[in-house]
Amino acid sequence: EADIYQTPRYLVIGTGKKITLECSQTMGHDKMYWYQQDPGMELHLIHYSYGVNSTEKGDLSSESTVSRIRTEHFPLTLESARPSHTSQYLCASSEQGLAQYFGPGTRLLVL
Amino acid sequence: KNEVEQSPQNLTAQEGEFITINCSYSVGISALHWLQQHPGGGIVSLFMLSSGKKKHGRLIATINIQEKHSSLHITASHPRDSAVYICALADMYSGGGADGLTFGKGTHLIIQP
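Quick caveat: nothing in here was measured; it's all calculated off a predicted structure. (Residues numbered from 1 in each chain as written. Chains lettered and ligands numbered in written order. Predicted model: local features only at pLDDT ≥ 70, side-chain atom pairs only at ≥ 80, totals over all residues. Heavy atoms only, no water.)

Caption draft 1: A nonpolar patch on the surface, seen in detail. On the surface, a cluster of nonpolar side chains totalling about 290 Å² of accessible area is made up of Val-12, Leu-109 and Leu-111 of chain A. For Leu-111 of chain A, a relative accessible area of 60% puts it in the exposed group. (Patch = residues over 30% accessible without salt bridge, like charges linked within 9 Å, V, L, I, M, F, W, Y side chains within 5 Å. Areas by Shrake-Rupley, 256 points an atom, 1.4 Å probe, with all protein chains shown as cover. Salt bridge = Lys/Arg side-chain N within 4 Å of Asp/Glu carboxyl O. Buried < 20%, exposed > 50% of the residue type's maximum accessible area, 1.4 Å probe, protein only.)

Now the structure itself:
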């Protein structure tokens, strides 16, 4: 059983608000990832981290930012939410060369 | 960049039928993942393959590295198998998931009672 958590699960927020999506894992994995998935579309990598103080941008350009101050925690922040940010955001973690474990996702709606 | 093709895009079958979902890719990989996504959005990792065949319950995954092709089979399908099945690739040059996965568009499977 994977132990990776995301909060909130659902978020409806107005344009211009700052939001932080939380992701935590208790497996001690060094690698963590954020994926974005628009309805009916495939997932795209937006951020990843090899470990503490390591963050990299993924294949899909995103206005969000991430931080990795602790191994278990990989939050994603949008400084000023816009309707174009409406999507599902999925967090995952893995050890080198092993399967990725996915969190339950956060569904974001920006009005 | 690796191109991932899944087929079929949509599949509706009757309970008990044998299901096959296919995944083809264009560039060498270090591993291939099969994922299951339910309507609620959560993703479960079913298999990670780098060669041969794996079996878990009624699910079987195979991969042919030379042909750059993988299949996911479901035996004795059940309505609870209804979900989106996604093929995802770990690039050969980035060390098995180091830089995240490349995803197929998914196969929408519906199993009718």
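Caption draft 2: The arrangement of the state of the cysteines in detail. Under the counting rule described, the total for this entry stands at two disulfides over all chains. The side chain of Cys-23 of chain A participates in a disulfide bridge whose partner is Cys-91 of chain A; the two sulfur atoms lie 1.8 Å from each other. A torsion of -75 degrees about the S-S bond marks the disulfide between Cys-23 of chain A and Cys-91 of chain A as left-handed. Here the residue Cys-23 of chain A occupies a position in strand E3 (residues 19–25), and Cys-91 of chain A occupies one in strand E9 (residues 87–94), the gap between them amounting to 68 residues. The pair formed by Cys-23 of chain A and Cys-91 of chain A is uniform in burial state, with each residue classed as buried. There is a disulfide in this structure between Cys-23 of chain B and Cys-87 of chain B, and the S-S distance comes to 1.9 Å. Linking Cys-23 of chain B and Cys-87 of chain B, the disulfide has an S-S dihedral of approximately -60 degrees and is accordingly described as left-handed. Residue Cys-23 of chain B is located in strand E3 (residues 19–25), and its partner Cys-87 of chain B is located in strand E9 (residues 83–91); the two are separated by 64 residues in the primary sequence. Across the pair, exposure class does not vary: Cys-23 of chain B and Cys-87 of chain B are buried alike. (Disulfide = S-S within 2.5 Å. Helix = DSSP H or I, 4+ residues; strand = E, 2+ residues; numbered from the N terminus.)

Caption draft 3: Quick look at the side chain of Asp-81 of chain B. As for its position among the elements, Asp-81 of chain B is in the loop between strand E8 (69–74) and E9. Setting aside chain neighbours within four positions, we find Asp-81 of chain B in contact with Gln-36, Arg-58, Ile-74, Leu-109 and Ile-111 of chain B. (Contact = heavy atoms within 4.5 Å.)

Caption draft 4: Highlighting the packing of aromatic side chains. Evaluation of the coordinates by the stated rule reveals four aromatic pairs over all chains. With 5.7 Å between their ring centres and 35 degrees between their planes, Tyr-35 of chain A and Phe-102 of chain A make a pair best called tilted. Taken together, the residues span a long stretch of sequence, with Tyr-35 of chain A in strand E4 (residues 31–37) and Phe-102 of chain A in strand E10 (residues 101–102) at a distance of 67 residues. Between Tyr-35 of chain A and Phe-103 of chain B, the aromatic rings sit 5.0 Å apart at their centres with planes inclined by 90 degrees, giving edge-to-face as the arrangement. On the criterion of chain membership, the pair formed by Tyr-35 of chain A in strand E4 and Phe-103 of chain B in strand E10 (residues 102–103) is interchain, its members lying in two chains. Overall, the relative accessible area of 0% leaves Tyr-35 of chain A in the buried class. For Phe-103 of chain B, a relative accessible area of 6% gives the class buried. Put simply, the rings of Tyr-33, Tyr-35 and Phe-102 of chain A together with Phe-103 of chain B pair up and form one aromatic cluster. Taking NZ or CZ as reference, Arg-68 of chain A lies 5.8 Å from the ring centre of Phe-74 of chain A, over its face. (Phe/Tyr/Trp six-rings, centres within 6.5 Å; stacked < 30°, edge-to-face > 60°. Lys NZ or Arg CZ within 6 Å of the ring centre and 35° of its normal.)

Caption draft 5: A look at the pattern of salt bridges. All names here are of chain A. This model, assessed by the stated rule, comprises five salt bridges over all chains. Of the charged contacts, one joins Glu-79 and Lys-18 as a salt bridge, the two residues approaching to 3.9 Å between their closest N and O atoms. Note that Glu-79 is positioned in the loop between strand E8 (76–78) and E9 and Lys-18 in the loop between strand E2 (10–13) and E3, a separation of 61 residues in sequence. Exposure class is identical for Glu-79 and Lys-18. Each is exposed.

Caption draft 6: Molecular detail of the confidence of the model for chain B. For chain B, the average pLDDT comes to 89, and 92% of its residues sit at 70 or higher. Within chain B, E10 of chain B has the poorest average pLDDT of any element, 88, and E8 of chain B the best, 98. (pLDDT = per-residue confidence, 0-100.)

Caption draft 7: Spotlight on the nonpolar core. Counting 23 residues, the largest nonpolar core has Leu-32, Trp-34, Leu-72 and Tyr-85 of chain B as the members making the most contacts within it. Within the residue set of this core, elements represented by two or more residues are E3, strand E4 (29–37), strand E5 (43–49), strand E7 (59–64), E8, E9 and strand E11 (107–112) of chain B. Tyr-85 of chain B has contacts with Gln-6, Ile-21, Leu-35, Gln-36, Leu-46, Leu-72, Ile-74, Gly-106, Thr-107 and Leu-109 of chain B, leaving out every residue within four places of it along the chain. Counting 18 residues, the second-largest nonpolar core is a separate cluster that includes Tyr-33 and Ala-92 of chain A together with Ile-86 and Ala-90 of chain B. (Core = buried A, V, L, I, M, F, W, Y, C linked by side-chain atoms within 4.5 Å.)

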